[in-house]
Amino acid sequence: MLLHIPDILDREQLKQLRTALDTAEWTDGRETVGAQGAQVKHNVQLPDASPLRRQLGETVLTALAKHPLYHAATLPLRTLSPRFNRYEGGGEYGMHVDGSVMALPNGEQLRSDISCTLFLSEPDEYDGGELIVSDTYGEHEVKLPAGDAIIYPASSLHRVQPVTRGARIAAFFWVQSLVRDDGRRRLLFELDASIQRLVATGADRDAVLQLTGTYHNLLRQWAEN
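Residues numbered from 1 in each chain as written. Predicted model: local features only at pLDDT ≥ 70, side-chain atom pairs only at ≥ 80, totals over all residues. Heavy atoms only, no water.

### Points about the UniProt feature "domain: Fe2OG dioxygenase" (unreviewed entry) in the chain
UniProt tags residues 78-177 as "domain: Fe2OG dioxygenase" (unreviewed entry). Strand forms 62% of residues 78-177 and helix 0%; the C-alpha atoms that close the span are 7 Å apart. (UniProt positions renumbered as here; feature names shortened; annotations may be inferred. Helix = DSSP H or I, 4+ residues; strand = E, 2+ residues; numbered from the N terminus.)

In structure tokens:
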């Protein structure tokens, strides 16, 4: 499921993150990928061990936890602390697929079901830098307002177009969902959205209750830990 999630961060949060990132020390983005990714990745990132990365990552995670659309779409079980990157001066990331299993700081492993990019630069601040996600329906071009996020299956081939003017700054991270299968997550998301609309329009309470029970029984059947 490819989904645009608006307003993860408000204007004040964006200002705080951008102020911190504008004076940050960056490192070569190839330090966090394997040999294949290093051949096509040309950007800079906050160092993984940077206290600033941990601080800003907590800000993002706190905002995500309060966002009902994000939670309904991802059903998060584990989340890798966000990383932060910067593309400028022709920087790009060629077509690639994300790693399937990633190490968490506590020694546990995360299965990367969902990839997420949270845009921190406004679209008019830079030229290029579109995220291109490829699936069975073709290629989808994504360039969102600052504070908005895109989620998509981590199994998707994707790339970032060269940035030819300005700087594209973003946070990115991966989620292990309670529900591994993307098709099942989509069905649950659509069912949840329908329930919310029925509640908002004052639909029959018993019917809504029955649908809500169906949602939770499907989640109970499909959820993993």
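Now that the structure has been shown, we can carry on.
### A look at the sheet that holds strand β15 (residues 157-160)
Strand order in the open sheet formed by five strands is β3-β7-β15-β12-β13, and the pairing between neighbours is antiparallel. Pairing within the sheet leaves two strands with one partner each, and these edge strands are β3 (41-42) and β13 (138-142). (Pairing = 2+ DSSP bridges.)

### Considering the packing of helix α1 (residues 11-22) against helix α3 (residues 51-65)
In the contact formed by α1 and α3, the axes pass within 11 Å of each other and the chain directions differ by 165°. Accordingly, the angle class assigned to the pair α1 and α3 is roughly antiparallel. The chirality of how α1 crosses α3 is left-handed. Contact residues: α1 offers Gln 13, Leu 17, Ala 20 and Leu 21, while α3 offers Leu 52, Leu 56, Thr 59, Val 60 and Ala 63. Looking at the contact of α1 with α3, its residues break down into seven nonpolar, two polar and no charged. (Axes fitted to C-alpha atoms, helices over the stretch in contact; angles between N-to-C directions. Parallel < 35°, antiparallel > 145°, perpendicular 65-115°, else oblique. Left-handed = near helix turned anticlockwise from the far one by under 90°. Contact = heavy atoms within 4.5 Å. Nonpolar A, V, L, I, M, F, W, Y, C, P; charged D, E, K, R; others polar.)

### Quick look at the packing of helix α5 (residues 182-200) against helix α6 (residues 205-222)
As a packed pair, α5 and α6 sit with axes 10 Å apart at the nearest point and diverge in direction by 160°. When the axes of α5 and α6 are compared, the pair comes out roughly antiparallel. Along this stretch, α5 crosses α6, giving a crossing that reads as left-handed. Together, Arg 184, Leu 187, Leu 188, Leu 191, Asp 192, Ile 195, Leu 198 and Val 199 of α5 and Val 208, Leu 211, Thr 212, Thr 214, Tyr 215, Leu 218, Leu 219 and Trp 222 of α6 make up the contact between the two elements. For the contact of α5 with α6, the class distribution of residues is twelve nonpolar, two polar and two charged.

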